[in-house]
Amino acid sequence: MNNRFPIVVFIGQPNSGKSTLFNALAGPKAETSNFPGTSIKHTHSKVNLEGRLLNIIDLPGTYSLNPSEPAEKVVLTHLFKEKPDLIVNVVDASVLGRSLELTLELLELEYPMIVALNMFDLAEKKGVKIDPAKLEKRLGVRVVPTIALHGRGLKELLEAAYHCLDESCPVSSPRWSKDVEDEVDRLAKSISPDFSIVANRRFTAVKLIEANETFCCEVLEEINPLLKKDLDRAKKNIEGKRHAPAYEVISAERHHLALKISEQTSRVERGKHLSWDEYLDDILMHPILGYPILAAIFLGFFFLIFKIGNPLEGILLQPLSSLRIYFSGHLGSGLLFHLVDGLVQGIGGGIAIVLPYFLPLLFFMAFLEDLGYLARAGFLLDTFMHRIGLHGKSISPFILGFGCNVPAIMSTRILESQRDRIITSLLIPFIPCSARTTIILALVAFYVGPVWAFGFYVFNILLVAVIGRVLTFFFKDPSPGLILEIPTLKLPSLRNMLIKTYLQFKSFLKFAWPILIGGSIVLSLLQFLSLDKTFNRLLSPLVVHGLGLPQGLGITLVFGFLRKELTLIMMLQALGVDYKNLLTVISREQIIVFTVFVSFFIPCLSTFAVLWKEIGKRVAFLSAGLSIGAAILLSLLVRLII
Amino acid sequence: MRRRLFALGFHVGDLVEVNAQGILRGPLLVNNLTSDTSVALGHGIAQKILVEILPDE
């Protein structure tokens, strides 16, 4: 780590707007949403702010410093390893009472710290008036009201940050009730200097009391039996006085202190009327009405993308096919033509076929996320998740999976149990990601009709449920229950949605497009050398006899492993027709069979790689096997039915 | 599990209200009035929480 730049750590509870604030300061780098736990990885970035370089770290959200999820452990490691020069605690002002619990815990560290009182506008809308000056006095650190979304309060926040970095701003830990404080104090004093102290003695003592039995106490027994004895005594004394487990007493102390401070520093002016979001929530989360609304929203989502993408696709394909005709007329049929043709197919196919659906899809996905609807969908679907033996928390990786499977698999880190992680990761490759949705829209909706495409989607989701049920049958283990925070509904900001779309589009340009172009050129070369026929002949037992597809499609399936959209572009290339005349060489039924096979047949290369890295080799291969099996079985089945 | 609930702002003695319930023994949407947070609780967990019903104000 470069020590010349001061390290500034952004920390706060999930969905408090750390990443939005981070982006507002550092430019679009971290992905944001109105969904707890979006930032799974921490974002590191060297930022030049008003002429000074800072090393800013945006950590995943955490509710407390006693982590229970793998993602939350990242937070602790960073706090202790990198010894930040300044902590910026991002607090959601609209839920001040709860948010202050983490703030109080951070104060115990006694590291230099400032508080960004974020979403100040939302709190005011809720009728909560907070007095920042009073809060500042109670906490003993600078408190700056911010509205990260609109960039307000950033200048003041920076000034406060520089002030703390330049001059010291001492922080002292908040004190609790005397009886508890006495015990903590005594324990802190008995910690010998050679014991590894984190932050300060008091903090170490508190964390020892709060720590998990197996983690702290068995280890401690081994290395420092004397301290262990003191610890046991402190715990016993606290428990004797309060008649509750010691860790609960400490948590309750923070809770009450947080509530007290929040009551002293804010005034609630809310009348009796329901605010619009509460009213809306009553309808959205209604036990019966909620489900048709959920279906309607996704149906609308789907049709809207199709309605935008479909005409665009038609318009954009026109020049592409003229271009190809032009080249074939001028370049003959030699190597040069094949190279150029591959290039045109790769670039043009990306623009004309992928982007018209991909971009609106990203944009509307961002809308639903920022609105806060996705967490509500998780709530509504939890019942069904239980039926397949998982709980609602797996919903969030699943929902991310509709965008791209890769971050979805990474986000399984929010699941506490390894069993849930494995099952969820095995199921994610079956979720139609944006690449596959594009294929479904561009092939099935374009040629067969949008209703079929929607049916395909529903079928796909049912399939996930069925496979999930089968998998949970093999991994029998009780899964921990659902505790999912439901964020308030927020009107999404256009700017944020555009940034998010842009970020994802950029990574598509960087990683996927080169593969699309490269793949097209490779296929052109193979065609030139007539090697494609050899591949196709090898695959023909499956492709022609099994699936009833034209022999020429065999090779495209192989390339689909690299990138699912590639299959789509290559399909036209391999069949030697342009988009308009596709139906002359392949029937509608064949298109459906082909789409089924391509969608399920194998997790794409990046998904495979991330599965390997995150969960392990065995799961990655298991997933590949599962997908191939399912794809063959299903497409045969579909062929028989249609 | 207790720790997790504490971290989310649920403590002994808090005032809560149930806002919605999923169908088929689904999760409950619980709003903690004391710390002003909404949390979806799975049925299994909700079942283990003891509450006292207060008369409507």
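Reading the values: rules and limits
Residues numbered from 1 in each chain as written. Chains lettered and ligands numbered in written order. Predicted model: local features only at pLDDT ≥ 70, side-chain atom pairs only at ≥ 80, totals over all residues. Buried ≥ 20, exposed ≤ 12 C-beta atoms within 10 Å, placed from the backbone. Helix = DSSP H or I, 4+ residues; strand = E, 2+ residues; numbered from the N terminus. Pairing = 2+ DSSP bridges. Right-handed = clockwise from strand over helix to strand, strands pointing away. Expected span 1.5 Å × (residues − 1). Contact = placed C-beta atoms within 7 Å. Core = buried A, V, L, I, M, F, W, Y, C linked by C-beta atoms within 7 Å. Axes fitted to C-alpha atoms, helices over the stretch in contact; angles between N-to-C directions. Parallel < 35°, antiparallel > 145°, perpendicular 65-115°, else oblique. Nonpolar A, V, L, I, M, F, W, Y, C, P; charged D, E, K, R; others polar. Left-handed = near helix turned anticlockwise from the far one by under 90°.

This part takes up the pairing of strand E5 (residues 113–118) of chain A. Residue and element names in this part refer to chain A. Across the six residues that make up E5, a large majority, six, are buried. Neither face of E5 is open: one carries Met-113, Val-115 and Leu-117, the other Ile-114, Ala-116 and Asn-118, and all of them are buried. Summarising the sheet, strand E4 (residues 86–92) and E5 pair through six bridges and their orientation is parallel. Bridge pairing links Val-88 to Ile-114 in E5. What joins E4 to E5 is helix H3 (residues 96–107), and the crossover it makes is right-handed. Inspection of the sheet shows E5 paired to strand E7 (residues 142–145) by four bridges, in the parallel sense. Its bridge partner lying in E7, Ala-116 is registered against Val-144.

The next thing to look at is helix H28 (residues 617–641) of chain A. Residue and element names in this part refer to chain A. For H28, spanning 25 residues, the distance from its first C-alpha to its last is 36 Å, which sits close to the expected 36 Å at 1.5 Å a residue. Among the residues of H28, those classed as buried are Ala-620, Ser-623, Leu-626, Ser-627 and Ser-635. Tucked into the core, H28 has its buried residues touching helix H18 (418–427), helix H26 (588–600) and helix H27 (605–614).

Residue and element names in this part refer to chain A. Grouped together as the largest cluster of nonpolar side chains are 105 residues, with contacts concentrated most on Ile-440, Leu-441, Ala-442, Leu-443, Val-444 and Phe-597. Of the residues forming this core, the biggest block, 13 residues, is contributed by helix H14 (residues 335–371). Apart from residues no more than four positions distant in its own chain, Leu-443 is found in contact with Leu-568, Ile-591 and Thr-595. Membership of the second largest hydrophobic core comes to 69 residues, among which are Phe-10, Leu-54, Ile-114 and Ala-116.

Quick look at the packing of helix H19 (residues 434–448) of chain A against helix H24 (residues 564–575) of chain A now. Residues and elements named next belong to chain A. Contact geometry of H19 with H24 gives a least axis separation of 7 Å together with a crossing angle of 30°. Relative to H24, the element H19 lies roughly parallel. Seen from H19, the contacting residues are Ala-435, Arg-436, Thr-438, Ile-439, Ala-442 and Leu-443; seen from H24, they are Lys-564, Glu-565 and Leu-568. Along the lines of polarity and charge, the residues of the contact of H19 with H24 split into five nonpolar, one polar and three charged.

The next thing to look at is the packing of H3(A) against helix H11 (residues 246–265) of chain A. All names here are of chain A. With their axes 8 Å apart at the nearest point, H3 and H11 run at an angle of 120° to one another. When the interaxial angle is binned, H3 and H11 end up oblique. As H3 packs across H11, the resulting crossing turns out to be right-handed. Along the contact surface, H3 presents Leu-96, Gly-97, Leu-100, Glu-101, Leu-104 and Glu-105, while H11 presents Arg-254, His-255, Leu-257, Ala-258, Leu-259, Ile-261 and Ser-262. The residue inventory of the contact of H3 with H11, partitioned by class, reads seven nonpolar, three polar and three charged.

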